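# Tertiary structure, described
Residue-level listing of the chains:
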Amino acid sequence: MFLQIIGQNQRFQVISCIYYRSVETIHRYFRIVLKTILKLYKHLIKDLEDTVPAEIMNNKRFYPYFKV
């Protein structure tokens, strides 16, 4: 349910019809999963590094778009 709401921009009403749950239940579990992901974001999401891979840096076609 969470991934459908986030990934496909589904509304709570649409999800409630698909899974035969109330909108309140969908909203409650969405918030639980969202809070959990926000607590774990340091482990789930990698920070950007300041280094550019050599194959991009040495290629004049790609490097202008990947400058840091």
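Further up the page is the structure itself.
Read on for a plain summary of the structure. (Residues numbered from 1 in each chain as written. Predicted model: local features only at pLDDT ≥ 70, side-chain atom pairs only at ≥ 80, totals over all residues. Heavy atoms only, no water.)

### Section: the nonpolar core
Counting five residues, the largest nonpolar core consists of Phe2, Ile5, Ile15, Ile26 and Phe30. Within the residue set of this core, elements represented by two or more residues are α1 (2-8) and α3 (23-39). Sequence-distant contacts of Ile15, defined by excluding residues within four places in its chain, comprise Met1, Gln4, Ile5, Gln10 and Ile26. (Core = buried A, V, L, I, M, F, W, Y, C linked by side-chain atoms within 4.5 Å. Buried < 20%, exposed > 50% of the residue type's maximum accessible area, 1.4 Å probe, protein only. Helix = DSSP H or I, 4+ residues; strand = E, 2+ residues; numbered from the N terminus. Contact = heavy atoms within 4.5 Å.)

### Quick look at the packing of helix α2 (residues 12-19) against α3
Their axes nearest at 9 Å, the elements α2 and α3 cross at an angle of 105°. As the angle between them shows, α2 and α3 are arranged roughly perpendicular. Here Phe12, Gln13, Ile15 and Ser16 of α2 come into contact with α3, specifically with Val23, Ile26, His27 and Phe30. For the contact of α2 with α3, the residue count by class is five nonpolar, three polar and no charged. (Axes fitted to C-alpha atoms, helices over the stretch in contact; angles between N-to-C directions. Parallel < 35°, antiparallel > 145°, perpendicular 65-115°, else oblique. Nonpolar A, V, L, I, M, F, W, Y, C, P; charged D, E, K, R; others polar.)

### Describing the packing of aromatic side chains
Following the criterion strictly, the structure yields two aromatic pairs and no others. Taking 5.5 Å as the distance between ring centres and 80° as the angle between the ring planes, the aromatic pair formed by Phe12 and Phe30 counts as edge-to-face. Here Phe30 lies in helix α3 and Phe12 lies in helix α2, a separation of 18 residues in the sequence. By relative accessible area, Phe12 is classed as partly exposed at 25%. For Phe30, a relative accessible area of 14% puts it in the buried group. A cation sits over an aromatic face here: Arg28 above Tyr29, 5.6 Å from the ring centre. (Phe/Tyr/Trp six-rings, centres within 6.5 Å; stacked < 30°, edge-to-face > 60°. Lys NZ or Arg CZ within 6 Å of the ring centre and 35° of its normal.)

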